[in-house]
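Geometric and topological summary
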Amino acid sequence: MLAIIGGSGLTRFVRMEVAERRQVATPYGDPSAALTFGHLCGRPLVFLARHGDEHTIPPHQVNYRANLWALRMCAPVGIVAVAAVGSIRSDLRPGDLVIPHQIIDYTWARHSTFHEGPHSAVTHVDFTEPYDFVLRRQIGAAAAALEIRVSDEAVYAATQGPRLETAAEINRLERDGADVVGMTGMPEAVLARELAIPYAAINVVANYAAGRGDSREAICMDAIHTVLEGAMQQVHAIIEKMLTSDD
Ligand code: HPA
């Protein structure tokens, strides 16, 4: 069964036939929402709303460990994480879709490992390639089959939020090599790695990052909502295609 973590603009999987909503308890506390089990295009799926069903949990307060632990209990074949991002590059425009291949982590004070506590051995997971190659390729193939344009390589900068960045911070992220910026990619990706769950992301460009493009003077929040609404239709289509591509 594939698992989907939905971010801003994706709190529900509308076309999903819901079989069950299950509140799962974990040693790390409560996940952001009940897990939604059901079928999409006849294929099993589990969905979790990262920011809660009512979109009330800000990025720095998401219980990433509880979310990943709860999903692991469903033994998913993989996790596709959907998240809005700001674009640092002029050629990645609002509404575009991106499959990132690398991460730079600027978050702080988030619980970013399962390997801590008095009885836990010190553990260092390999994170050279933070996203699962096969899952990334499946997302790309589904998009290609639908003739939906996606960028299949991008460096994702994970910032702490919940505020947006300053223009100078975006300049620094660009100098560091980042292409897109978001607030939820970490520690989600590394926790999936610690649990050995294949994990990949579909980033939806919601806006130009601070100081770039039409965000030169300010980022317009109303425009973000409109862009996300439109682009999420494509995300739905890609995930449906992924699920049925073995037909
Ligand atoms: N910065 C950080 N996170 C984001 C942005 C942004 O500009 N847009 C959507 N998520």
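Residues numbered from 1 in each chain as written. Predicted model: local features only at pLDDT ≥ 70, side-chain atom pairs only at ≥ 80, totals over all residues. Heavy atoms only, no water.

Moving on: the UniProt feature "binding site: substrate" (unreviewed entry) in the protein chain. When the UniProt feature table is mapped to this numbering, "binding site: substrate" (unreviewed entry) covers Met183, Asn207, Tyr208 and Ala209. Position of Met183 among the secondary structure elements: in the loop between strand E10 (180-182) and helix H4 (185-194). When its relative accessible area of 14% is taken as the criterion, Met183 is described as buried. Beyond its immediate stretch of four places on either side in the chain, Met183 contacts Pro59, Tyr64, Arg110, Tyr156, Thr159, Gly161, Pro162, Arg163, Leu164 and Glu165. (UniProt positions renumbered as here; feature names shortened; annotations may be inferred. Helix = DSSP H or I, 4+ residues; strand = E, 2+ residues; numbered from the N terminus. Buried < 20%, exposed > 50% of the residue type's maximum accessible area, 1.4 Å probe, protein only. Contact = heavy atoms within 4.5 Å.)

Another point: the packing of helix H1 (residues 64-72) against H4. Between H1 and H4, the shortest axis-to-axis distance is 9 Å and the interhelical angle comes to 35°. In the crossing of H1 with H4, the sense of the turn from one axis to the other is right-handed. Listed contacts from H4 to Tyr64, Arg65 and Leu68 of H1 are Met186, Pro187, Glu188, Leu191 and Ala192. (Axes fitted to C-alpha atoms, helices over the stretch in contact; angles between N-to-C directions. Left-handed = near helix turned anticlockwise from the far one by under 90°.)

Here we take up the pattern of salt bridges. Following the criterion strictly, the structure yields 11 salt bridges and no others. Here Arg89 ties to Asp179 by a salt bridge, and the two come within 3.3 Å at their closest N and O atoms. Note that Arg89 is positioned in the loop between strand E5 (78-87) and strand E6 (97-98) and Asp179 in the loop between helix H3 (167-176) and E10, a separation of 90 residues in sequence. Exposure remark for Arg89: the relative accessible area of 23% places this residue in the partly exposed category. (Salt bridge = Lys/Arg side-chain N within 4 Å of Asp/Glu carboxyl O.)

What follows covers the site of the ligand. In the vicinity of the ligand, the contacting residues are Ala84, Val85, Gly86, Leu164, Glu165, Val181, Gly182, Met183 and Asn207. At a separation of 2.8 Å, a nitrogen atom of the ligand approaches a polar side-chain atom of Glu165. Separating a nitrogen atom of the ligand from a side-chain N or O atom of Asn207 is a distance of 2.6 Å. In the complex, the protein chains occlude 91% of the 260 Å² of accessible area that the ligand would expose alone. For the shell around the ligand, the secondary-structure elements that each account for two or more residues are E5 and E10. Top contributing element to the shell around the ligand by residue count: E5, with three residues. Split by residue class, the shell around the ligand holds five nonpolar, three polar and one charged. (Near = heavy atom within 4 Å. Polar contact = N/O pair within 3.5 Å; in protein donor to acceptor, adjacent residues only side chain to side chain. Areas by Shrake-Rupley, 256 points an atom, 1.4 Å probe, with all protein chains shown as cover. Nonpolar A, V, L, I, M, F, W, Y, C, P; charged D, E, K, R; others polar.)

The subject of this paragraph is the UniProt feature "binding site: phosphate" (unreviewed entry) in the protein chain. Mapped onto this numbering, the UniProt entry annotates "binding site: phosphate" (unreviewed entry) at Ser8, Arg50, His51 and Thr184. In summary, the annotated positions, though distributed over 177 residues, converge in three dimensions, the widest C-alpha pair being only 10.1 Å. When you line up the elements, His51 lands in the loop between strand E4 (43-49) and H1. Looking at His51, the relative accessible area reads 5%, which means it is buried. Apart from the residues within four sequence positions on either side, His51 is in contact with Gly6, Gly7, Ser8, Thr56, Ile57, Pro58, Pro59, Val62 and Thr184. With respect to the element layout, Thr184 can be found in the loop between E10 and H4.

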